[in-house]
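Residues per chain are reported as follows:
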Amino acid sequence: MKPTRPFHQTPVITIDGPTASGKGTVAALVAAELGFHLLDSGALYRLAALASLRYSIESDDADALAKLVGDLHITFREGLAQLDGVDVSAEIRKEEIGNRASAIAVHAPVRAALVARQRAFRKEPGLVADGRDMGTVIFQDAPLKVFLTASVEARAARRHKQLIQKGFSANIDNLLRDLRERDARDSQRAAAPLKPAADAQLLDTSALSVDQAVEQVIKWFRVVTPRSVS
């Protein structure tokens, strides 16, 4: 049996970036290509946001939100997000949930409560983690850190297309406004603000296809950890 590498040597690719930059799609495809586990950290915050609504906890009550996060029964199975054993994958993708997730993510106690849960996803043969502070806070020793960017117009167009395809109503002007507000909130928060890690590779996806973005990330990974990929 091949010996298991020490925890800190299990390879991690972090893919951070603003809302609708394509990080979730790119991360999922990179993980599938490499046979790695996948962490959608945004889903954790969205699940917390949904639970806070269900339990009538205000988005500015940091202590109550942190306790809620610590008590949540969350599972990910076959690409589905479950809260208390119920599939809520579609519900957490609604814009109102995304906006609330951004609002509760500004609280340091909430983020601290989720740290251990996120780091627990680091298992052999490797992990691809997408979010907003994967490279700067959660997996600072990751051999490859990627920060995806795209113009707000390109991101609004992508989000509009995604919502329409899923059967949700969407207004492009409202999406532009929401994205600008969320960008400001995420980048200006005191706790783990959205920014590239100092050693991150920057990838602007405004004019790239998903396949091109995935190819670039895998190329970078093969360079930094050539022995980790067959």
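Now for a quick tour of the structure. Model, not experiment: these values are computed from the prediction.

A few words now on the sheet that holds strand E5 (residues 86-87). One open sheet holds the three strands; their spatial order is E3-E4-E5, and the pairing between them is antiparallel. Every other strand in the sheet has two partners, leaving strand E3 (74-77) and E5 as the edge strands with one partner each. Where E3 lies against strand E4 (residues 80-83), four bridges are found, and the strand directions are antiparallel. Bridge pairing in E4 places Thr-75 opposite Gln-82.

With that settled, consider the packing of aromatic side chains. Summed over all chains, the structure comprises one aromatic pair. With 5.7 Å between their ring centres and 90 degrees between their planes, Phe-36 and Phe-221 make a pair best called edge-to-face. In this pair, Phe-36 is assigned in the loop between helix H1 (23-34) and strand E2 (37-40) and Phe-221 in helix H9 (residues 210-224), connecting sequence segments 185 residues apart. Take Phe-36: its relative accessible area is 10%, and that puts it in the buried class.

Negative charge collects at one region of the surface, where Glu-58, Asp-60, Asp-61 and Asp-63 lie side by side. Within the secondary structure layout, Glu-58 lies in the loop between helix H2 (41-54) and helix H3 (62-71). Relative accessible area serves as the criterion here: at 54%, Glu-58 is assigned to the exposed category.

Below, the discussion takes up the environment of Thr-25. Within the fold, Thr-25 resides in helix H1. Note on Thr-25: relative accessible area 39%, which makes it partly exposed. For the pair Thr-25 and Gly-167, spaced 142 residues apart in sequence, the C-alpha separation works out to 19 Å.

Conventions adopted
- Residues numbered from 1 in each chain as written.
- Predicted model: local features only at pLDDT ≥ 70, side-chain atom pairs only at ≥ 80, totals over all residues.
- Heavy atoms only, no water.
- Pairing = 2+ DSSP bridges.
- Helix = DSSP H or I, 4+ residues; strand = E, 2+ residues; numbered from the N terminus.
- Phe/Tyr/Trp six-rings, centres within 6.5 Å; stacked < 30°, edge-to-face > 60°.
- Buried < 20%, exposed > 50% of the residue type's maximum accessible area, 1.4 Å probe, protein only.
- Patch = residues over 30% accessible without salt bridge, like charges linked within 9 Å, V, L, I, M, F, W, Y side chains within 5 Å.
- Areas by Shrake-Rupley, 256 points an atom, 1.4 Å probe, with all protein chains shown as cover.
- Salt bridge = Lys/Arg side-chain N within 4 Å of Asp/Glu carboxyl O.
- Lys, Arg positive; Asp, Glu negative; His and termini not counted.
- Charge placed at Lys NZ, Arg CZ, Asp CG, Glu CD.

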